[in-house]
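Results of the structural survey
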Amino acid sequence: MKKRTYFIAIVLVSIFASCKTQKNLRERLFLVEDYKKVYFGSCLGYGFNRSKAIIEILQQDNSISSEYLQGRRNYRIIDSLAKLTAKEIKLDSIAVNYDETRGKRVFSKCLKGYNSKFLDSMAKTTYKLKVKKYKHFSEYKYIPN
């Protein structure tokens, strides 16, 4: 009978642990995707020279969370990465002189950046640092006076 009780206890503990792991995984995936989507939107904006039309399109799009999830420092980093990609787009459009491919390739470059391993690792590192920074807040509960 004791073995059965231990077995049930172990199963319950592993179920609760897996639920917490699933919650953390969903949160991480959401924040990493949000990081990458913010980059993509900024890249499109800078790639099209912040034109009125692209700004209007980006404002109407609800793909990116409207909450301030990444924090000021991370938004600055994302903005810098998008500006670098926009410079690459500009240099690429100058360097390519074939008749069929003249002009900017904004979507191609922004999608390449969005799918890059570099941006993925930046987003994951940002998430890990954020969790590490705010982990101690979840240990305390607010008790009103």
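All of these numbers come straight from a predicted model, not from anything done at the bench.

What counts, and at which threshold
Residues numbered from 1 in each chain as written. Predicted model: local features only at pLDDT ≥ 70, side-chain atom pairs only at ≥ 80, totals over all residues. Heavy atoms only, no water. Helix = DSSP H or I, 4+ residues; strand = E, 2+ residues; numbered from the N terminus. Buried < 20%, exposed > 50% of the residue type's maximum accessible area, 1.4 Å probe, protein only. Areas by Shrake-Rupley, 256 points an atom, 1.4 Å probe, with all protein chains shown as cover. 1 Å grid on protein atoms, 1.4 Å probe; cavity = no way out; pocket = protein on both sides within 12 Å on 5 of 7 lines; lining within 4 Å. Points joined across faces, edges and corners; volume = space filled by probe spheres on them. Phe/Tyr/Trp six-rings, centres within 6.5 Å; stacked < 30°, edge-to-face > 60°. Lys NZ or Arg CZ within 6 Å of the ring centre and 35° of its normal. pLDDT = per-residue confidence, 0-100. Contact = heavy atoms within 4.5 Å.

Right, let's get into the overall build of the protein chain. Scanning the protein chain from N- to C-terminus turns up 5 helices and 0 strands. Order of helices (α) and strands (β) in the protein chain, N terminus to C terminus: α-α-α-α-α. Scored against the burial criterion, the 145 residues of the protein chain give a buried share of 23%. Total accessible area computed for the protein chain in this model is approximately 11,700 Å², and 60% of it derives from carbon and sulfur atoms.

Another aspect to go through is empty space enclosed by the protein. Taking a probe equal in size to a water molecule and rolling it over the atoms shows the remaining empty space. Overall, the coordinates contain 1 cavity of 30 Å³ or more when judged by the stated rule. By volume, the largest cavity amounts to about 30 Å³. Around the largest cavity sit Leu31, Val32, Gln70, Ala123, Thr126, Tyr127 and Lys130, which together line it. Going through the elements one at a time, helix H1 (2-47) and helix H5 (117-134) are the ones with two or more residues in the lining of the largest cavity. Among the elements that make up the lining of the largest cavity, the one with the highest residue count is H5 (4 residues).

Any pair of aromatic rings gets described here by the distance separating the centres and the angle formed by the planes. In the structure shown here, the tally under the stated rule is 2 aromatic pairs. With centroids separated by 6.0 Å and ring planes inclined at 70 degrees, the aromatic side chains of Phe40 and Tyr114 adopt a geometry described as edge-to-face. Here Tyr114 lies in helix H4 (residues 106-114) and Phe40 lies in helix H1, a separation of 74 residues in the sequence. Residue classification places Tyr114 among the buried positions, given a relative accessible area of 16%. It is Arg50 that lies over the ring of Tyr46; its NZ or CZ is 5.1 Å from the centre.

Before going further, it helps to spend a moment on the confidence of the model for the protein chain. Mean pLDDT over the protein chain: 77, with 66% of residues reaching 70 or higher. Across the protein chain, the element-wise mean pLDDT spans from 74 in H1 up to 91 in H4. For the stretch residues 136-145, pLDDT sits under 50, and the model shows 0 contacts to residues farther than four places along the chain or on other chains.

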